Amino acid sequence: MDEQAQRHSLWVATTPDFPEYPPLNGDAAADVLVIGGGMTGLQTAYLLKLAGLSVILVERHRLARGTSGHTTAKVTALHGLTYDHLTRTFGREAAQVYAAANVAALDDIVGIVRRETIGCGLERSAACTYATTDDERARVEREVRAAQEAGLTVEFRDDLPLPYETLGGAWLEGQASLHPVRYLKALAELVHGGGCRVHEMTTALDLDEAAALVRTDRGVIRAQHVVVATHVPIFDHGPLSMRLMARRSYVVAAPLPDPLAGMYISASGNHRSVRTQEIDGQQWTITNGEPHRTGEGGDERERYLRIRGWTDDRFVLGQRYYDWATQDVFTVDDLPFIGRYRKEDARVLIATGFKGWGMAHSMVAARIISDAVQRKDNDWAGLYDPWDRSFTKGAGALFSQAAESIKALVIDKLISGDPACTHMGCTTKWNEAERSWDCPCHGSRFDEHGEVLNGPAIRALKSPPAAGG
Ligand code: FES
């Protein structure tokens, strides 16, 4: 790693004044318990408080330090090549609902930032999915048609304002970007107080579904509803987890003299995304790529070097920079799960599987969950309901997820002495770049001492080998 690199999130590093919230101190009760202090949890808590409900939000570590603090923070309804996939897999009507939900989410986030006068560098700009090969161009052209049929005002544009060659891209005006940690810092301040409470360093350990009661390491919380907003639902050990997988990718942020017009992602499998963000008068470029299944990345240090090299080759950058990894969760049919944790009971609600599009989808989830708690109809809930869709839609991915789990549960365990994940027992793999044990089954990660970095695991590894073995 370049000696001037800082392996931290730019967003976390440029929000040094994030206040600390006290851990839970004994038993408590509220209308709604929200577990997870990222985009989904804080936005859901904010909407529920606005609706007049009492909310307790608990976060295992610090707020906004998980996926939401490591995102590229593009708030858009254009999601790579999603609309063509949705139309072919679920039909045109499903694609239309998906588009409407994400457009409304974008409007909701912009509305909150303006109404609450949140200083989070909100910028409106176009989103673009671009091609660099003839095959990618054909796929992007199909995406433009599908997105138009879904109701988005997308066009194909040949002359993209990028400083490197492309074969054009799908272009959607009026999207947004922001500083996610500053946005969440403001939301936390709005949620905490007035009958609602935010507690950091408070770990949810067990859920009693029948009683909607959660035991934490700091006390027991009773609520009418429990919202599990933990990226991967932490209490699940089967029905949902078997349909989820996690991928990591790598982000570089460096000073750039001038802003880019637009936010970009390539249509390639080894995707590259780029956008800029002004923070305190400094323009930053933020690039992302090198995705791989968590725990299956080979030497992750090489991936950091490749995304840094790609960035250096295309932009004139200042020397100081940040790099970090981010993690996204995918469902087997590529459609997020938002709604009931169990088919027969709507008191516990979950949101997961946003792929790389968690900014807009976190607000889609906040709306669906907030409406479910208040027993209001929601036009999008049916599309995202985890239990209201055919397993055949993602049969291929479901099969490969099952095969991966069997390999990590049985074969890897026999041939390696690496620690078993405390979620469902898959064999973890050592990640030298981040000095962590990463689980390929559902994305749990543990630091070199075995402490949980990412769920769904709740408990620490038992006796990890010293310094990664
Ligand atoms: Fe599920 Fe490790 S994350 S077994």
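Residues numbered from 1 in each chain as written. Predicted model: local features only at pLDDT ≥ 70, side-chain atom pairs only at ≥ 80, totals over all residues. Heavy atoms only, no water.

Chemist: Describe the overall build of the chain, and please don't skip the residues or the numbers.
Modeler: In terms of regular secondary structure, the chain is built from 10 helices and 22 strands. Taken over C-alpha atoms, the radius of gyration comes to 21 Å for the chain, in line with the 23 Å a tight globule of 469 residues would show. Principal-axis analysis of the C-alpha atoms gives the chain an extent of 60 × 50 × 50 Å. Residue burial in the chain is summarised as follows: out of 469 residues, 59% are buried. For the chain, the proportion of contacts with a sequence separation of at least 24, taken over those separated by at least 6, is 71%. Entry remark: accessible area of the chain is about 17900 Å², with carbon and sulfur atoms responsible for 49%. Looking at the chain, you have 51 positive and 61 negative side-chain charges, and the mean spots of the two groups are 3 Å apart. (Helix = DSSP H or I, 4+ residues; strand = E, 2+ residues; numbered from the N terminus. Rg over C-alpha atoms; globule rule 2.2 N^0.38 Å. Buried < 20%, exposed > 50% of the residue type's maximum accessible area, 1.4 Å probe, protein only. Contact = heavy atoms within 4.5 Å. Areas by Shrake-Rupley, 256 points an atom, 1.4 Å probe, with all protein chains shown as cover. Lys, Arg positive; Asp, Glu negative; His and termini not counted. Charge placed at Lys NZ, Arg CZ, Asp CG, Glu CD.)

Chemist: Any details on unusual backbone geometry? Residues and values, ideally.
Modeler: Here the residue pair Gly455 and Pro456 is connected by a cis peptide bond, since its omega of 20° sits within 30 degrees of zero. For Pro456, the location among the structural elements is in the segment after β22 (452–454). Of note, the phi angle at Met201 is positive, near 50°, even though the residue is not glycine. Within the secondary structure layout, Met201 lies in the loop between β8 (197–199) and β9 (204–208). Judged by its relative accessible area of 37%, Met201 falls in the partly exposed class. One non-glycine residue with positive phi stands out, namely Lys355, at about 55°. Locating Lys355 in the fold gives a position in the loop between β18 (345–352) and α8 (358–373). With relative accessibility at 10%, the residue Lys355 sits in the buried group.

Chemist: Give a description of the layout of surface pockets that names residues and reports values.
Modeler: Taking a probe equal in size to a water molecule and rolling it over the atoms shows the remaining empty space. Here the second largest pocket defines a volume of roughly 170 Å³. Along its surface, the second largest pocket is lined by 13 residues, and Gly339, Ile368, Ala372, Ala381 and Asp385 are the ones closest to its centre. Residues belonging to the lining of the second largest pocket are distributed by class as follows: 6 nonpolar, 2 polar and 5 charged. (1 Å grid on protein atoms, 1.4 Å probe; cavity = no way out; pocket = protein on both sides within 12 Å on 5 of 7 lines; lining within 4 Å. Points joined across faces, edges and corners; volume = space filled by probe spheres on them. Nonpolar A, V, L, I, M, F, W, Y, C, P; charged D, E, K, R; others polar.)

Keep in mind these values describe shape, not function.
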